[in-house]
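Chain and residue survey
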Amino acid sequence: MAKSPIQDYLQALHARFSDLNEGKVADYIPELKLADPAWFGICIATPDGHVYEVGDCNQPFTIQSVSKPLTYGLALEQHGEAEVLGKIGVEPSGDAFNAISLHPQSGTPLNPLINAGAIAACSLIAGERMEDKLASILETFSRYAGRQLDIDRTVYQSESDTGHRNRAIGWMLRNFSVIESDPTATLETYFQQCSIRVTCRDLAIMGATLANGGVNPITGQRAIPEKYVANVLSVMATCGMYDASGDWLYRTGLPAKSGVGGGIMAVQPGRLGIAVFSPRLDTQGNSVRGLAVCHALTSELGLHLFDASQRAVPAIRRATTRRSVKSNRRRTQQANDYLLSVGKKLRVYHLHGALSFAATEPIVRTMTLESVSTEVFIVNLKLVQGIDRAAANFLTAIRTELTGLGKLFIFTEAGACWQPLIDAGVDREAFFSDDDFALEYGENRILADRFPNPPLGSHTPLSQCELFLGLSAQQLAWVDQHLAVRTYNKGHNIITAGQASNELFVLTAGAAMVSISTQDGVARLDAFSSGTTFGEIAFLDRSPRSANVTALSAATCRVLTREAFDALDSEAPAIKIHLLSKLADRLTTILRQNGRELAALK
């Protein structure tokens, strides 16, 4: 299977920042200072449950303040927006996470993501006892992560033993009746909430759950009612990165929450959950490497929430195989049967919309998975409205990977996407004007080993021509005697639209094309290889010719006139029955293929 260029990108990103050793591990909670400062993981999860990860993504650490928006969401679920807003505001404080930031008149915390607001949110969780509150929190967090989480008891004890400032905040909240009873149970619940063990992968899936409207994309379980997801993401966007939240939102445009354990969880709504884990923190308490990685991701992948070029996904409008669509090249029945039998070796993807990283990721992932069985990839860009740098780079990267594995990867109807892809490194030879020529090229690639092209100028004997397969030597001799021989130079018309249809043609050398004139020029309707028959439909129903047939190279045809065809009734009726049977088979094949193509459009 092909390597994912997205995975390659994340590995390169991890290597780029592995030597960034600024900042220091949190030490105000004694247990946290035992973390290895070299730990470093990057993880991205998509709303359909795919996970990209590199580095220490399965290293457990404590969730710390990344827990706050999740508990806030649980409080909203249990009490409703009005009641929660009566206890906790949503204004950025501009102060450190452990500042005592209360509204000067009401005494309520300014937002739920500073310690005062998080403790207040914890007090709202249903249950009189600490054990009841904690069970509800653990159950909710586990639904976000898609697995059963637990508490690091050593870190909890360390938090509880040193949490004097938080206890002071708790009693101040009690003084203003934000907490309406002894805050001890709430505080111990809060300490344990911050001590829940997670991994970088867990945080990415939690972020993807929020990106997915509150439903875990792997388990399908709902972690939070959809109507409260926007509330949670809003406070993450404005307050989630402590007193650096404004700079964060300006640079990344993503709702996010950091924790002093070294984790950062960011969300691109509807598209991605992003997590970075590295214990070295800056003076605001945010992971230094985490910030650097998220800034790079946003800049290089175009993830900023307020980027006007972002559009909805998915971008694959239709995906088909050679079993459903084919080129207009007329081939022998043997070649057609083979192409149908190996149809999944050729795949066509019709894309639409604006291609960003989030829109392109599922495309790249699909191609990576299908590379095991696919030899030819055709990507139609006709309905693509635009393509950003990240999307162009990843489409170029997957093409490079697949061509390196001996696959064929081509674009059709690229339009405005042509230049960005050229700039990203795609060869000019990879672009075709339409699906028809691309399909023919891909079919030729698949047929090359089993049905090699005959030498230039060679003739197909009548015994190998599709119309005459199965005739005896004596019957073939009659046919040879009664069929005229005509030759045509490249570019000359074999049939002209409007002519009477008194002849049936069998191409025995060269190639030919059926075409009609349109407002945009000449459109190819069909193409013939040596050994195939053409002109049969008009010949049978005696209608005038509806299109031109032009020689694509020096060509030779054997021509059955209507006079000779009618003479078969008395001179060789068995041959006429054979020819009519073959023509009926051909028309049936055309109808079946048209049916498959119509089905593929649904």
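These notes cover the structure that comes with them. (Residues numbered from 1 in each chain as written. Predicted model: local features only at pLDDT ≥ 70, side-chain atom pairs only at ≥ 80, totals over all residues. Heavy atoms only, no water.)

**Description of the packing of aromatic side chains**
Counted according to the given criterion, the structure contains 14 aromatic pairs. With centroids separated by 6.0 Å and ring planes inclined at 35 degrees, the aromatic side chains of Trp39 and Phe277 adopt a geometry described as tilted. Of this pair, Trp39 sits in the loop between β1 (24–25) and β2 (41–45) while Phe277 sits in strand β8 (residues 272–277); the two residues are 238 residues apart in sequence, bridging distant segments of the chain. Aromatic side chains Phe409 and Phe411 sit 5.2 Å apart centroid to centroid with 65 degrees between the ring planes, which places their arrangement in the edge-to-face category. (Phe/Tyr/Trp six-rings, centres within 6.5 Å; stacked < 30°, edge-to-face > 60°. Helix = DSSP H or I, 4+ residues; strand = E, 2+ residues; numbered from the N terminus.)

**Thoughts on the environment of Ala118**
Position of Ala118 relative to the elements: it lies in helix α4 (residues 115–124). Its relative accessible area of 2% is what places Ala118 among the buried residues. Every residue in contact with Ala118, bar those within four places of it in the chain, is listed here: Lys68, Pro112 and Tyr190. (Buried < 20%, exposed > 50% of the residue type's maximum accessible area, 1.4 Å probe, protein only. Contact = heavy atoms within 4.5 Å.)

**Overview of the packing of helix α2 (residues 68–79) against helix α5 (residues 130–145)**
One way to put it is that α2 packs onto α5 with a least axis distance of 10 Å and a crossing angle of 110 degrees. The orientation of α2 relative to α5 falls into the category roughly perpendicular. For α2 against α5, the interelement crossing comes out right-handed. Counting all contacts with α2, which are made through Leu70, Thr71, Leu74 and Gln78, the residues of α5 involved are Ser136, Ile137, Thr140, Phe141 and Tyr144. (Axes fitted to C-alpha atoms, helices over the stretch in contact; angles between N-to-C directions. Parallel < 35°, antiparallel > 145°, perpendicular 65-115°, else oblique. Left-handed = near helix turned anticlockwise from the far one by under 90°.)

**Brief notes about unusual backbone geometry**
Unlike most non-glycine residues, Tyr242 shows phi in positive territory, near 60 degrees. As for its position among the elements, Tyr242 is in the loop between α10 (226–239) and α11 (245–252). The backbone of Arg542 sits at a positive phi, close to 65 degrees, despite the residue not being glycine. For Arg542, the location among the structural elements is in the loop between α19 (536–541) and β22 (548–551). Judged by relative accessible area, which is 54%, Arg542 ranks as exposed.

**Side note on the pairing of strand β14 (residues 408–412)**
Among the five residues that make up β14, five are buried, leaving the element largely enclosed by the rest of the structure. Sheet analysis places strand β13 (residues 376–387) next to β14, joined by five bridges and oriented parallel. If you follow Ile378 over to β14, its bridge partner there is Ile410. For the segment spanning β13, helix α15 (residues 389–404) and β14, crossover handedness is right-handed. (Pairing = 2+ DSSP bridges. Right-handed = clockwise from strand over helix to strand, strands pointing away.)

Function cannot be inferred from these measures alone, as they are strictly geometric.
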